[in-house]
Amino acid sequence: MFDLIVRNASLVDGRSGIDVGVRDGRIVALETALSAAPGTVGEVLEADGLLLSPPFVDAHFHMDSTLSYGMPRVNRSGTLLEGIALWGELKPLLTQEALVERALRYCDWAVARGLLAIRSHVDVCDPRLLAVEALLHVRERVKPWLDLQLVAFPQDGVLRSPGALANLTRALDMGVEVVGGIPHFERTMAEGAESVRLLTELAAERGLRVDMHCDESDDPLSRHIETLAAHTHRLGLHGRVAGSHLTSMHSMDNYYVSKLMPLMREAGVAAIANPLINITLQGRHDTYPKRRGMTRVPELLAAGVPVAFGHDCVMDPWYGLGSADMLEVAHMGLHVAQMTGQDAMRACFDAVTDTPAHILGLEGYGVSVGCKADFVLLDARDPVEALRLRAARRAVVRGGKVIARSQPAMSSLNLPGRPQQVDFRL
Ligand SMILES: [Zn+2]
């Protein structure tokens, strides 16, 4: 008995002609020519050799500010600091109903694009904790479709903003599951380092994960990632801590970075780059040459540091574009980091699937026997083609049920094969 069988799928690891059998929301069989007696299969999905991928995962997002673009005005300079100021203007005007409605709208977009797990930072500097309450509500509401993991994020600085530490602790008590931070926005380097110490200790006491906005700056001397790695190692938080952005690494001295990356590896600290946002917000004080601002992705991977790509913003005070499409995010990351080799392009696909799943600690993630029956059938034959085409999601499956479908691009020329596909393989 199977609730669902996917026939003739290709997998991310290169296997093809695979049938996937699903029962009670889990993958129970994965083999070629899976046999099933007539009348014992609920639904059959014909993959026709297309890629069956685990769902997309976004390791870094802000669901409390999403879809607020233009409220109360647009970001004229396009800088990170004007974005933070603009968000400060918007915060007193927020209502819980509007927050919930925008977040649900975004989750709808995400599900349609096969994005079924999101780590969202939620600002805890507003003592009303309106956004925390709203997103806790949304987390429960969307559970059948999407895993939402929340980070208690002191946007205005846990030391710099009055009451922020108490609010952050209250958010954790309410059920927010990850400790956030923003050391480069504290008043001084010393206070930034102090914020990293107290927040990692808070996480260690409570057995929680940590994900800090860290060194989101073009200042090569912004080195809070070093402090984050050191406290992670001291407190035994290996594998539970991520540094988000790390854009200052782009501008750092090469010799210093050659010491820093092994420290990150030793502490098991993961890196989360946000290519769409880093490439547009960083380097704004430069004339020419103009820095890209994204962290050193291929070098971190070569040093054994896991790197995920996050979407970060969609239509908010920092970024007026975006559509919950993690293939667009990976496509930009690939270009900015010049990761055009075959293995490098596959690593970019992993950066929006397996790697963030590991960073979030998702249970039962993957297309293997015993995993949850959550996957995406892409209109592409392998991960590189998926990136090139930002492929249509032919079907999105959650718990063994099809929850979204998209049509592939078609023309009326009726040539053999699918539009935009070529027959040669490397
Ligand atoms: Zn962010």
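Let us look at the structure shown here. Keep in mind the model is a prediction, meaning the values are calculated, not measured. (Residues numbered from 1 in each chain as written. Predicted model: local features only at pLDDT ≥ 70, side-chain atom pairs only at ≥ 80, totals over all residues. Heavy atoms only, no water.)

1. Focus on the coordination of the zinc ion
- On the protein side, the zinc ion has His60 (NE2), His62 (NE2), His213 (NE2) and Asp312 (OD) as donor atoms, found 2.1 to 2.6 Å from it.
- Metal-centred angles of 86 to 178 degrees between the four donor atoms at the zinc ion mark the site as irregular.
- Here the donor residues of the zinc ion are spaced in sequence according to H-x1-H-x150-H-x98-D. Separated by 151 residues along the polypeptide, His62 in the loop between strand S6 (56–61) and helix H1 (80–90) and His213 in strand S10 (residues 209–214) bring together distant segments of the chain. Across this residue pair, the class does not change: His62 and His213 are buried. (Donors = N, O, S within 2.8 Å, 3.2 Å for Na, K, Ca; no water. Tetrahedral: all angles 85-135°; square planar, octahedral: opposite > 155°, others 65-115°. Helix = DSSP H or I, 4+ residues; strand = E, 2+ residues; numbered from the N terminus. Buried < 20%, exposed > 50% of the residue type's maximum accessible area, 1.4 Å probe, protein only.)

2. Side note on the sheet that holds strand S13 (residues 307–309)
- An order of S6-S7-S8-S9-S10-S11-S12-S13 is seen for the eight strands of this open sheet, with the pairing classed as parallel. Because the sheet does not close on itself, it has two edges, and the strands there are S6 and S13.
- Relative to strand S11 (residues 241–245), S10 runs parallel, the two being bridged by five bridges. Along S11, the bridge assignment pairs Met212 with Gly243.
- Running over the sheet, helix H11 (residues 326–336) touches S6, strand S7 (115–123) and S13 and is turned about 125 degrees from S13. (Pairing = 2+ DSSP bridges. Contact = heavy atoms within 4.5 Å. Axes fitted to C-alpha atoms, helices over the stretch in contact; angles between N-to-C directions.)

3. Concerning the pairing of S6
- Here S6 lies mainly inside the structure; six of its six residues are buried.
- Relative to S7, S6 is paired through four bridges, and the arrangement is parallel. Counterpart to Phe56 in the pairing with S7 is Leu115.

4. A look at the pattern of salt bridges
- All chains considered together, the criterion is met by 25 salt bridges.
- Among the salt bridges present, the one from Arg73 reaches Glu82, with a minimum N-O distance of 2.9 Å.
- Note on Arg73: relative accessible area 24%, which makes it partly exposed.
- Salt-bridge contacts for Glu140 lead to Lys143; the nearest nitrogen and oxygen are separated by 3.2 Å. (Salt bridge = Lys/Arg side-chain N within 4 Å of Asp/Glu carboxyl O.)

By themselves, these observations are geometric and do not establish any function.
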